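Chain by chain, the residues:
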Amino acid sequence: MKKLLGVALGILTAIGGFVDIGDLVTNAVVGSRFGLSLVWVVVVGVVGICLFASMSGRVAAVSGRATFEIIRERLGPRAAGANLAASFAINLLTLTAEVGGIALALHLASSVEPRLWIPVAALAVWLVLWRVKFAVMENVAGLLGLLLVGFGVALFLLGPDWGELVRQAVPPSPPATEHVATYWYYAVALFGAAMTPYEVFFFSSGAVEEGWTAKDLAQNRVNVLVGFPLGGLLSVAIAACAAVVLLPAGIEVSSLSQIVLPVAQAGGTLLLAVVIVGIVAATFGAALETALSSGYTLAQYLGWSWGKFRRPARAARFHLTMVVALLLAVGILMTSVDPVTVTEMSVVFSAVALPLTYVPILLVANDPEYMGEHVNGRVTNALGMVYLVIVVVAAVAAVPLMIATGAGS
Amino acid sequence: MSREASPGAGVRVVDARLHLLSRQVLDVDGEPVTTVDDLELVAADARDDDAPRDAAPGEPAEVGAILTGPVLVTRLLGGRPPASRWERVPWRDVGHVGTALELTVRADSLDVHWPEGWLREHVVGRIPGGRHDPEEDS
């Protein structure tokens, strides 16, 4: 019974933890401009993140080595250093977007200016990192993030023409008004949002934090393979809400209030309140994960003591890195840059950074010295190779598409 | 080459570049200490002397110590820091070479531990809750 509860909890946390500000903004923007014609990208992204999250979790559980230790060991100090610089910068951008997302959601709920919420949000994130137990932190954020299911409820209340929604999705039929390059630009952005690299740092290091061994692999697999696809459904619901309400009205999403507009229209204040709590929890959870990831990457590259399971004083440099990262994020947001713009940038650059993380994981998951009998099977490797191609193509295409389309405008 | 590399029956061959460089170093409690940024190679017959000397070309050499700190910068950019700036973990403290190098001593007893120790005593340990065990129910 207790085991069953554990499995259920793991799955629910994975669902609630799947969506972050990147998924929220990108899905709503895409829904309001392209309808459901990019849903296939969410499917591709979800399968990809399932594959790599379970692979990096398995590597960490079996070998006890987290992702960036492996990147350093495999690539050597120079290439891994370049990788670290890029990964750290993009992770910082994502952290900035998440903290901004918390502030925007609290602004919606309170009409207090977001810039007043930013330091409060960052302080709250730091306090949780400083004080709260890893498992508690994970579960509370994940479970409250489940409230985003309000987008699904809103979709049903809106009573859309389901046949029309399916027609947009299969076969994918982008609206004639949009340029084909813009379509592919958003395809890359959506892919980057679903497969953000920090999730891999976080999953592998989280496995070490929670002391996983080879015995926990079955549960890890269930959490990921059931939780993430259901989390992906939340993403689709967000896009569908935008496609039903915002697309016909010709509203292009540029703020959080527009993202939740369909929810308010369908379910009134109550449903809106539920969804806002969900957004705060989802962005807060992701802010914790990205802040931790900034500490994980740097500490693992340099071999410092790291981990939330240690007393902060026993991982002093790790905790200090997270404080500095949070301060930098607050500093960037205080220049009154729009968090939605930061989010859009972060998902595109996430797509650029994907190969840096995934290639070393794929290599080590096949290395018997690390993995023993738990090396990748044939099916995983075949899928892994397919995704290697997808990830590299998306990374190479991202910046040219961004320039060609003027960042999708 | 390291001691394990000397030929003999039942002895595991360790490639310094493949199995030692850039590996994580853990202390006796499993706490991360540093990464192997470089290795100090000394003449095999001078290992236990008070003043180990560099091996001459062609002469048998042994790993004298794991190097870290400023050596990382020179490994990235080239060159070599003066010996006085080397931060060393003596090879005799290494207990096991696996996917990480496990030491037989505690991190606190090592010289290379000073940045962590300094930040612990002067910054992080002084913030309220800095010595609180997060896994304990509070």
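Here goes a summary of the coordinates provided. For clarity, every value in this text was computed on a predicted model and none was experimentally measured.

A few words on the overall build of chain B. Of the regular secondary structure elements, chain B holds three helices and seven strands. In chain B, the succession of α and β elements from N to C terminus is α-β-β-β-β-α-β-β-β-α. Residues counted as buried form 30% of the 138 residues belonging to chain B. Sequence-distant contacts, at least 24 apart, represent 43% of the contacts inside chain B between residues at least 6 apart.

Before going further, it helps to spend a moment on the nonpolar core. Within the largest apolar cluster, 158 residues are counted, with the highest numbers of intra-cluster contacts made by Val99(A), Val125(A), Leu190(A) and Cys241(A). It is helix 13 (residues 261-302) of chain A that contributes the most residues to this core, 22 residues altogether. Not counting the four nearest positions on each side in its chain, Val99(A) is found in contact with Ile118(A), Ala121(A), Ala122(A), Val125(A), Ala287(A), Ala329(A), Val330(A) and Leu333(A). Judged by nonpolar contacts, the second largest core, of 20 residues, contains Leu26(B), Val36(B), Ile66(B) and Leu67(B).

Glancing now at the pairing of strand 5 (residues 87-90) of chain B. Residues and elements named next belong to chain B. Here strand 5 shows a clear split, with Glu 87 and Val 89 buried on one side and none of Arg 88 and Pro 90 buried on the other. Note that strand 4 (residues 61-68) and strand 5 share four bridges and pair antiparallel. Pairing of Thr 68 across the sheet is with Glu 87, part of strand 5.

Glancing now at the environment of Ala394(A). All names here are of chain A. By the element assignment, Ala 394 lies in helix 17 (residues 378-404). Residue classification places Ala 394 among the buried positions, given that 27 C-beta atoms sit within 10 Å. Separated by 363 residues in the primary sequence, Ala 394 and Gly 31 place their C-alpha atoms 20 Å from one another.

Now for unusual backbone geometry. Val170(A) connects to Pro171(A) through a cis peptide bond whose omega is -15°. Position of Pro171(A) relative to the elements: it lies in the loop between helix 8 (162-169) and helix 9 (180-194). Unusually for a residue other than glycine, Ser111(A) sits at a positive phi of about 55°. One can find Ser111(A) in the loop between helix 4 (67-110) and helix 5 (114-131). Its 7 C-beta neighbours within 10 Å are what place Ser111(A) among the exposed residues. Here Ser22(B), not a glycine, exhibits a phi torsion of approximately 65°, which is positive. Inspection of the secondary structure puts Ser22(B) in the loop between helix 1 (16-20) and strand 1 (24-26).

Moving on: the sheet that holds strand 5 of chain B. Residue and element names in this part refer to chain B. Pairing is antiparallel in the open sheet, where three strands are placed in the order 3-4-5. This sheet does not close on itself; its edge strands, each paired only once, are strand 3 (38-43) and strand 5. Averaged over all adjacent pairs, the angle separating strand axes in this sheet is 40°, with direction ignored. Summarising the sheet, strand 3 and strand 4 pair through six bridges and their orientation is antiparallel. Considered in strand 4, the bridge of Ala 43 is made with Ala 61.

All names here are of chain B. The four strands are arranged 2-1-7-6 in an open sheet whose pairing can be described as mixed. In the strand order of this sheet, the two ends are held by strand 2 (32-35) and strand 6 (94-97), each with one partner. The average undirected angle you get between the axes of adjacent strands in this sheet is 25°. As judged from the three bridges shared by strand 6 and strand 7 (residues 101-103), these two strands associate in the antiparallel manner. Within strand 7, the position partnered with Val 94 by the bridge is Leu 103.

Quick look at helix 1 (residues 2-18) of chain A now. Its 17 residues give helix 1 of chain A an end-to-end C-alpha distance of 24 Å, which sits within 8% of 24 Å, the value for a rise of 1.5 Å per residue. Tucked inside the fold, the buried residues of helix 1 of chain A contact helix 6 (134-145), helix 11 (217-249) and helix 13 of chain A.

Before going further, it helps to spend a moment on the interface of chain B and chain A. If you look at the interface, chain B gives 29 residues, while chain A gives 30 residues. Of all the elements in the fold, those that place two or more residues in the side of chain B that touches chain A are strand 1, strand 2, helix 2 (70-77) and helix 3 (114-122) of chain B. In terms of residue class, the side of chain B that touches chain A is made up of eleven nonpolar, nine polar and nine charged.

Turning to the environment of Arg310(A), a few remarks are in order. All names here are of chain A. Checked against the element boundaries, Arg 310 lands in the loop between helix 13 and helix 14 (316-334). Overall, Arg 310 belongs to the partly exposed group, with 19 C-beta atoms counted inside 10 Å. Between the alpha carbons of Arg 310 and Val 208 there is a distance of 12 Å; along the sequence they are 102 residues apart. Not counting the four nearest positions on each side in its chain, Arg 310 is found in contact with Ser 305 and Ala 315.

To continue, consider the packing of helix 4 of chain A against helix 2 of chain B. Interaxial distance between helix 4 of chain A and helix 2 of chain B falls to 9 Å at its minimum, and their mutual angle equals 85°. In terms of their interaxial angle, helix 4 of chain A and helix 2 of chain B are classed as roughly perpendicular. Together, Pro77(A), Arg78(A) and Gly81(A) of helix 4 of chain A and Leu72(B), Arg75(B) and Leu76(B) of helix 2 of chain B make up the contact between the two elements. Its residues assigned to classes, the contact of helix 4 of chain A with helix 2 of chain B comprises three nonpolar, one polar and two charged.

The rules we used
- Residues numbered from 1 in each chain as written.
- Chains lettered and ligands numbered in written order.
- Predicted model: local features only at pLDDT ≥ 70, side-chain atom pairs only at ≥ 80, totals over all residues.
- Helix = DSSP H or I, 4+ residues; strand = E, 2+ residues; numbered from the N terminus.
- Buried ≥ 20, exposed ≤ 12 C-beta atoms within 10 Å, placed from the backbone.
- Contact = placed C-beta atoms within 7 Å.
- Core = buried A, V, L, I, M, F, W, Y, C linked by C-beta atoms within 7 Å.
- Pairing = 2+ DSSP bridges.
- Axes fitted to C-alpha atoms, helices over the stretch in contact; angles between N-to-C directions.
- Expected span 1.5 Å × (residues − 1).
- Nonpolar A, V, L, I, M, F, W, Y, C, P; charged D, E, K, R; others polar.
- Parallel < 35°, antiparallel > 145°, perpendicular 65-115°, else oblique.

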